[in-house]
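Residue-level structural notes
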Amino acid sequence: MANPHRITPEQLRSRYWFDNPDHPGTTALCVERYLNYGITLDELTSGKPIIGICQSGSDLTPCNRHHIDLVKRVKDGIRASGGVPFEFPMHPIHENVRRPTAALDRNLAYLGLVEVLHGYPLDGVVLTTGCDKTTPAALMAAATVNIPSIVLSGGPMLNGWRGAERVGSGTIIWELRKRLAAGDIDYAEFLSRASDSAPSIGHCNTMGTASTMNSMAEVLGMSLPGSAVIPAPYKERAMAAYDTGVRIVDMVWEDLRPLDILTREAFENAIVACSALGGSSNAPVHINAIARHAGVELNNDDWQRLGHEIPLLANVMPAGAFLCEEFHRAGGVPAILHELQGAGKLHSDALTVNGRSLGNNLQGRETQDSNVICRYAEPLVAHAGFLNLKGNLFESALMKTSVISQNFRDRFLNDPSDPEAFEGKVVVFDGSEDYHARIDDPALNIDARTILVMRGAGPVGHPGGAEVVNMQPPEALIKQGIESLPCLGDGRQSGTSGSPSILNASPEAATGGGLALLESGDRLRVDLKRGEVQLLIDASELEARRERLAQQGGYRYPGHQTPWQEIQRSMVEPLDRGMTLEPATKYRDVARQHPPRDNH
Ligand SMILES: CC(C)(O)[C@@H](O)C(=O)O
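Numbering of residues starts from 1 in each chain and follows the order in which that chain's sequence is written. Only residues with pLDDT of at least 70 get local features here, since the model is predicted, and only at 80 or more are side-chain atom pairs given and counted; chain-wide, interface and lining totals rely on the full set of residues. Values reported for side chains reflect all heavy atoms of the structure, with hydrogen atoms and water molecules removed beforehand.

A few words on helix α5 (residues 103–119). Here α5 is 17 residues long and its end C-alpha atoms lie 25 Å apart, about the 24 Å a rise of 1.5 Å per residue gives. Each residue is placed in one exposure class: buried if its accessible area under a 1.4 Å probe, protein chains only, is under 20% of its type's maximum, exposed if it is over 50%, and partly exposed if it falls in between. A helix here means a DSSP run of H or I that spans at least four residues, while a strand means a run of E at least two residues long, and both kinds are numbered starting from the N terminus. Restricting attention to buried positions, one finds in α5 the residues Ala103, Leu104, Asp105, Arg106, Asn107, Ala109, Tyr110, Leu113, Val114, Leu117 and His118. One less than the number of residues in a helix, times 1.5 Å, gives the span that helix is expected to have.

Below, the discussion takes up the layout of surface pockets. Over the atoms rolls a probe the size of a water molecule, and in doing so it shows where empty space is left. The space that makes up the second largest pocket amounts to roughly 930 Å³. If you go around the second largest pocket, you meet 39 residues; those closest to its centre are Ser484, Leu485, Gly498, Ser499 and Pro500. Those elements giving two or more residues to the lining of the second largest pocket turn out to be α7 (171–182) and α17 (406–412). For this classification, the nonpolar set comprises Ala, Val, Leu, Ile, Met, Phe, Trp, Tyr, Cys and Pro, the charged set comprises Asp, Glu, Lys and Arg, and every other residue, Gly included, is treated as polar. Classifying every residue of the lining of the second largest pocket by side-chain character gives 22 nonpolar, 11 polar and six charged. Only protein atoms enter the 1 Å grid used here, on which a cavity is any set of points holding a 1.4 Å probe that cannot leave and a pocket is any open set flanked by protein within 12 Å on both sides along at least five of seven lines; residues with an atom within 4 Å of a point are listed as lining. Grid points are joined across faces, edges and corners, and a volume is the space filled by probe spheres set on the points.

This part takes up the environment of Leu176. The residue Leu176 is located in helix α7 in this model. The contact partners of Leu176, leaving out residues within four places of it in the chain, are Ile185, Phe190, Arg193 and Ala194. What makes two residues a contact is simply this: any of their non-hydrogen atoms within 4.5 Å.

Moving on: the UniProt feature "domain: Dihydroxy-acid/6-phosphogluconate dehydratase C-terminal" (unreviewed entry) in the chain. Mapped onto this numbering, the UniProt entry annotates "domain: Dihydroxy-acid/6-phosphogluconate dehydratase C-terminal" (unreviewed entry) at residues 372–578. The span residues 372–578 is 20% helix and 20% strand, and its two end C-alpha atoms sit 31 Å from each other. UniProt positions are given in the numbering used here, feature names are shortened, and annotations may be inferred rather than shown by experiment.

Neighbouring residues of the ligand: Glu95, Asn96, Asp132, Cys204, Gly208, Thr209, Asn282, Glu467, Ser494, Gly495 and Thr496. Two N or O atoms count as a polar contact when they lie within 3.5 Å, although within protein this holds only if one can serve as hydrogen donor and the other as acceptor, and sequence-adjacent residues are included solely when both atoms are side-chain atoms. Here an oxygen atom of the ligand and a side-chain polar atom of Glu467 are 2.7 Å apart. Take Gly495: an N or O atom from its main chain is 2.7 Å from an oxygen atom of the ligand. Here the Shrake-Rupley method, with its probe set to 1.4 Å, supplies the accessible areas, and only the displayed protein chains count as covering residues. Relative to its unbound accessible surface of 270 Å², the ligand loses 94% to contact with the protein. Taken together, the residues of the shell around the ligand break down into one nonpolar, seven polar and three charged. Taken domain by domain, the makeup of the shell around the ligand includes at least three residues from each of domain 1 (9–161 + 195–361) and domain 3 (387–552). Put simply, a residue is near a molecule or strand once any heavy atom of it comes within 4 Å of that molecule or strand. Note that the domain bounds were set by an automatic or database domain assignment.

The next thing to look at is the UniProt feature "domain: Dihydroxy-acid/6-phosphogluconate dehydratase N-terminal" (unreviewed entry) in the chain. Taken from the UniProt record, the annotation "domain: Dihydroxy-acid/6-phosphogluconate dehydratase N-terminal" (unreviewed entry) applies to residues 48–361. Secondary structure content for residues 48–361 is 48% helix and 9% strand, while the C-alpha to C-alpha distance between its ends is 29 Å.

All chains considered together, the criterion is met by two cavities of 30 Å³ or more. In this structure, the largest cavity occupies an estimated 60 Å³ of space. In terms of lining residues, the largest cavity is bounded by Glu218, Ser223, Pro225, Pro334, Leu337, Thr352, Leu358, Asn361 and Leu362. A per-class count over the lining of the largest cavity returns five nonpolar, three polar and one charged.

This part takes up the nonpolar core. We define a nonpolar core as any set of buried Ala, Val, Leu, Ile, Met, Phe, Trp, Tyr and Cys residues linked to one another through side-chain atoms lying within 4.5 Å. Membership of the largest hydrophobic core comes to 110 residues, with the highest contact counts inside it found for Phe267, Ile287, Phe327 and Leu340. A total of nine residues in this core trace back to one element, the largest contributor, which is helix α12 (residues 264–277). Leaving out residues up to four positions away in the same chain, Phe267 has contacts with Leu220, Leu262, Ile287, Ile290, Ala291, Ala294, Val296 and Leu298.

What follows concerns the packing of aromatic side chains. Two aromatic rings from Phe, Tyr or Trp, using only the six-membered ring of Trp, form a pair when their centres are within 6.5 Å; if the ring planes differ by under 30 degrees the pair is stacked, by over 60 it is edge-to-face, and anything between is tilted. Scanning the entire structure with this criterion turns up eight aromatic pairs. Between Tyr34 and Phe86, the aromatic rings sit 4.9 Å apart at their centres with planes inclined by 85°, giving edge-to-face as the arrangement. Residue Tyr34 is located in helix α2 (residues 24–35), and its partner Phe86 is located in strand β2 (residues 84–89); the two are separated by 52 residues in the primary sequence. Look at Tyr34 and you get buried, because its relative accessible area is 19%. Members of the aromatic cluster, each reached through a chain of ring pairs, are Phe18, Tyr34 and Phe86.

Right, here's the structure in full:
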């Protein structure tokens, strides 16, 4: 429940910097430098909460860039509520652009944000989010430092259109790549049609990783109800920015902190909601990471146990037909939660940033359009959550079942009394460069029964864990009408992809995982009903391969290119454990447990 205790101005954390007669020199050094651009002594010392605004927008991060304008409304709200805003930058994270992958920077941004929140005179913080990893980086830091914190998402772009057809971000690119390969369109048309998907400011308008993670922030209770998927250009987005600014000041006085909100129940709600949303395959990585930083042990077995039985309710690409504008108008995240609550699938008592429970926030929030947000009893797909697959090559790999075709589902998943499983020979690629160089090589003999395997693409191998597992078939097969093949890998894939790949295999090849032992031509058996993927060779042959690999010095992958790549590789955990930095996960509630030392 919300903390009934209210703090006094003397208890504000920022007092230690701004009004500390025991350390006059240190205080003066701090105060005088903020005055140098016009902040007044009164603002700093009259007992107003100092509120940080973590600015994730920049020219390098187009999906978050409109936060540069949006924070003006946040600041208005903070001022109206009696606080003083201080905006500061977050390390840029942009999935579409950053090489070798933006996921490399999630932990870097997390570390930077922890240091800022811990070491500066902030009583609370507004965390602006948008593109995929900005949300988990912010929430991980909020959990570690544990000062009052609230998430403000930037919202998705408006719907993309080509004539009367919806064009969804990311999803259209995976489709158009095939049209390009088949020779149906040329490169200029490919680019022109792809850009139809991005008609305005905002992040992906599909239920890709950005919309998923911002929805997760709302489900976790860390952003205002109904705010996650308001399209970026809508007036309600700026209104939510103002309300967020107002609310964070009250949260400071109420001493309402992230660790009061980020409980086991909240994370279980996130799993259930992610399934109903047809959410991104990146969500388990990030949610498990936030949970670890909040001190909650969450794993991919939890995702299958709690999430797989949940039906798909959001008819939004890539699992469905609509985009986030319609999703918002149909009621957005609260309407999904309303259905889940009615079905008894939510921990309704979980606390949220507005001081009320999740369940309380849902009164009157039913779906406004059951074509877009379905009733629980009439879902788009039954049992639509993730499967956590295991076998003799890995301990955990995820499959997003909301995107499996009905035909494949009927054959390989729905009828447990039928032992049919999928079998195929593998063609193995070592990293995305290898895939692009060789996929069209006829000598690989790729046919309709081939399973494409991507390894060396995990948090250590790539590094950062690249979105490269949704591989398209060779051009020659696409021209014959074979537009997709089963894919498996130790990397990730875009949340906007409708490919039911077997992803995030952990441990990865680069850290001794079994995928390193695979050879092209091997046969794999994928038994979804038993949750197993098995390499069909004798255990003794597998062992012999393991020994040979060890003698050769283990699985080889390209070396470090930057200092951070080397540092992250030395301490990063596998994807199923959230790809967190192992030494960082023991730090919790550091603002209170370890108040920062004096600097002078
Ligand atoms: C579309 C992107 C870049 O792949 C990502 O935003 C995601 O949804 O995973």
